[in-house]
Amino acid sequence: MKYKIALISIIALAFFLRFWQLGANPASLDWDEASLGYNAYSILKTGRDEYGRFLPLSIKSFGDYKPPLYSYLTIIPVAILGLTEFSTRFTSAFFGFLAVIVAYFLIKELFPKRSRRFYLFFTFLFSISPWQIQFSRVAFEANLGLFFFMGGVLFFLKGLRKKLWYLFSAFFFALSIYAYHSPRLISPLMLLGLLFIFRKYVVKNLKWLVVSIVVLGFLVAPVYIEMRTTGARLGSVTIMNDQERLGNSIGKIEFDRGRSDLLGVLTHNRRVVYGFDILAGYLDHFNFDFLFLYGDAPGRHHALNMGMLYLWTLPFILFGFYYMLNHRDERACVIFLWFLLAPAAASITTGTPHAVRSLEFIPTYQIFTAVGFFELLYILREKIRPEFYKSFVSLAVFLLLVNFFYYMQMYWVHTPVMDSQSWQYGYKQAVTVVDKYASNYKRIIVTYRYDQPYVFFLFYNKTDPVWYQKNWGSGQIQRANRSFGKYEFRNIDWAIDSKLSDTLLVGTPDEIPPGAGKLLSEIHFLDGSVAFRIVGR
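Notes on the structure in this doc start here. (Residues numbered from 1 in each chain as written. Predicted model: local features only at pLDDT ≥ 70, side-chain atom pairs only at ≥ 80, totals over all residues. Heavy atoms only, no water.)

**Brief notes about the environment of Q132**
Moving on, step 1. Tracing the backbone shows Q132 in helix α6 (residues 130-136).
Moving on, step 2. Q132 gets classed as buried once you look at its relative accessible area, which sits at 1%.
Moving on, step 3. Separated by 230 residues in sequence, Q132 and I362 have C-alpha atoms that sit 7.4 Å apart.
Moving on, step 4. Apart from residues no more than four positions distant in its own chain, Q132 is found in contact with R18, G96, A99, F126, N143, L146 and I362.
Moving on, step 5. Only 2.6 Å separates the side chain of Q132 from the side chain of R18, close enough to count as a polar contact. (Helix = DSSP H or I, 4+ residues; strand = E, 2+ residues; numbered from the N terminus. Buried < 20%, exposed > 50% of the residue type's maximum accessible area, 1.4 Å probe, protein only. Contact = heavy atoms within 4.5 Å. Polar contact = N/O pair within 3.5 Å; in protein donor to acceptor, adjacent residues only side chain to side chain.)

Right, here's the structure in full:
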């Protein structure tokens, strides 16, 4: 009974941490969230995305062709609750919450002989993970991909005992590929690794395995076919599309050839250069600052002054890793495989380390922490000094609570204020002001300085998708120069635009100087600095 109460309490805590004030914190939708929400709204109303593509296999969005699953699943909360911040983030929070439950069953499959306390402790660690909470509270497709990836591994392990589960594993791995970019590389590799690790078991159920693989191939084939024609996202973020890096490689090779330096020609070959860059990007994800102190560069990916993991877990992670390395079995190999594959997709992209693209690291760090903690407890109690046991537990609990409440303080109090600009705060307020005065002007010009402003006007105005699909334009998307109806989205040149008449301008304080024109409103970030000035001409 106590066990059930403890488990339910952990699950309730997980629900609270993911859903409380979901629409209000983070302080604003960012452009990707607004795009996913509006495209769900568009598909709900018309069966087409914002560009009129019928039931697309990728969401064209800003020309980055987002995986489609998040928008399709968000149709349900949008249909019930309307197009709001809460309904847009609901899908991520819901599947982030379900991931806690999946994690509980997964740990029981990975460690079938461990104690109930171990299962509860791991589930608790997963439920309070800053990394998992962060992306459960925002409409990022990566969190959806993590849930289905975890489900794919869970059902594969269950399939070792009951072969029907292989079909569920195939289905979940397929959905992970429809959910986010990273699993498109990691899921196939993970599946191949699982087949190798458990080869002596799977050959006994070869028929079910073949059927499951065929089903998986049939389900994911459309995605990879689509990627061949719409590989915009990979092309925009991969280091292998860096023309400056390629130019440097060519220049060095020409210099080496002029000196007849064959070794130089070999080492400066672009494939070798890319190989070293990929390795560097891969190793970046094990950086101490990234994991425990400051996270990655985008403020949207973590709480202020927080890494992706709690600092107090570091010694337990190291000891857990060491212990499992010295007590390897097939299931330990699964965890190490998972751990090593997690940053694989992120390593071939720019901007490493990257918390979103390496989200599959969860739950490996929580597993290492739980193993390290319980094995150290065992050593203290049974092999060293039993009287140290309670002191050790008390110290560990104290450090956990300090770190957890520090994270809560950073996430709920300081981050919304200090990082509101990272979340494009102010667009909702700007849309409200513009709507108030729009009928008085023939043209409305909105700055592109904070990127993708048009989607916020679509989202908060709940623009009729039928109308927008006919009026967005055609051809190639111009990132910094878009228009529809009376709206123009471009950067403002005050020396020129100040001469316009019958025009409403929404610009940054750098673009519209103080006291310029007829000031209708000044919108501030939550730290008090000016986000927008809205003037009429």
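**A few points about the packing of helix α17 (residues 314-326) against helix α20 (residues 364-382)**
Axes are the key here: two packed helices are described by the angle between their axes and the distance separating the axes.
Moving on, step 1. Where α17 meets α20, the axes come as close as 7 Å, and the angle between the chain directions of the two elements is 85 degrees. As the angle between them shows, α17 and α20 are arranged roughly perpendicular. Residues F316, I317, F319, G320, F321, Y323 and M324 of α17 form the contact with α20, whose own contacting residues are Y365, I367, F368, T369, V371, G372, F373, E375, L376 and I379.
Moving on, step 2. Looking at the contact of α17 with α20 residue by residue, the classes come out as 13 nonpolar, three polar and one charged. (Axes fitted to C-alpha atoms, helices over the stretch in contact; angles between N-to-C directions. Parallel < 35°, antiparallel > 145°, perpendicular 65-115°, else oblique. Nonpolar A, V, L, I, M, F, W, Y, C, P; charged D, E, K, R; others polar.)

**As for the sheet that holds strand β3 (residues 487-489)**
Moving on, step 1. Taking strand neighbours across the sheet as the criterion, the six strands line up as β2-β3-β1-β4-β6-β5 in an open arrangement whose pairing is mixed. Only two strands of the sheet have a single partner each, and these edge strands are β2 (482-484) and β5 (518-524). This sheet shows a mean twist of 15 degrees between the axes of neighbouring strands, independent of strand direction.
Moving on, step 2. Bridge analysis of β2 against β3 gives three bridges, and the strand direction is antiparallel. Bridge pairing in β3 places S483 opposite E488. (Pairing = 2+ DSSP bridges.)

**A look at unusual backbone geometry**
Moving on, step 1. The linkage connecting N25 with the following residue, P26, adopts the cis geometry, with an omega of 5 degrees.
Moving on, step 2. With respect to the secondary-structure elements, P26 resides in the loop between α1 (2-19) and α2 (31-46).
Moving on, step 3. Even without a glycine there, the phi angle at Y65 is positive, about 50 degrees.
Moving on, step 4. Here Y65 is to be found in the loop between α2 and α3 (69-81).
Moving on, step 5. In the Ramachandran plot, N305 falls in the positive-phi region, its phi being about 55 degrees despite a non-glycine side chain.
Moving on, step 6. Mapped onto the fold, N305 is located in the loop between α16 (288-293) and α17.
Moving on, step 7. Taking the relative accessible area as the measure of exposure, N305 reaches 42% and is therefore partly exposed.

**Section: helix α5 (residues 116-127)**
Because an α-helix packs 3.6 residues into every turn, residues spaced three or four apart end up facing the same way.
Moving on, step 1. For α5, with twelve residues, the first-to-last C-alpha span of 16 Å sits near the 16 Å given by 1.5 Å per residue.
Moving on, step 2. For α5, a buried count of nine out of twelve residues is recorded, marking the element as mostly surrounded by other parts of the structure.
Moving on, step 3. Regarding α5, the residues found buried are F118, Y119, L120, F121, F122, T123, L125, F126 and S127.
Moving on, step 4. As for α5, its buried residues are in contact with α1, α4 (85-110), α6, α7 (141-159) and α20. (Expected span 1.5 Å × (residues − 1).)

**With respect to helix α11 (residues 206-229)**
Moving on, step 1. Compared with an ideal rise of 1.5 Å per residue, which puts 24 residues at 34 Å, α11 spans 35 Å between its outermost C-alpha atoms and is within 8% of the ideal.
Moving on, step 2. Approximately 40 degrees is the largest bend angle found in α11, and it occurs at V220, with the proline P222 only one to four residues beyond.
Moving on, step 3. Within the span of α11, buried status applies to L209, S212, L216, V220, V223 and E226.
Moving on, step 4. Where α11 is buried, its residues contact α8 (165-179), α9 (183-197) and α10 (199-202). (Bend = angle between axes of the 7 residues up to and from the residue.)

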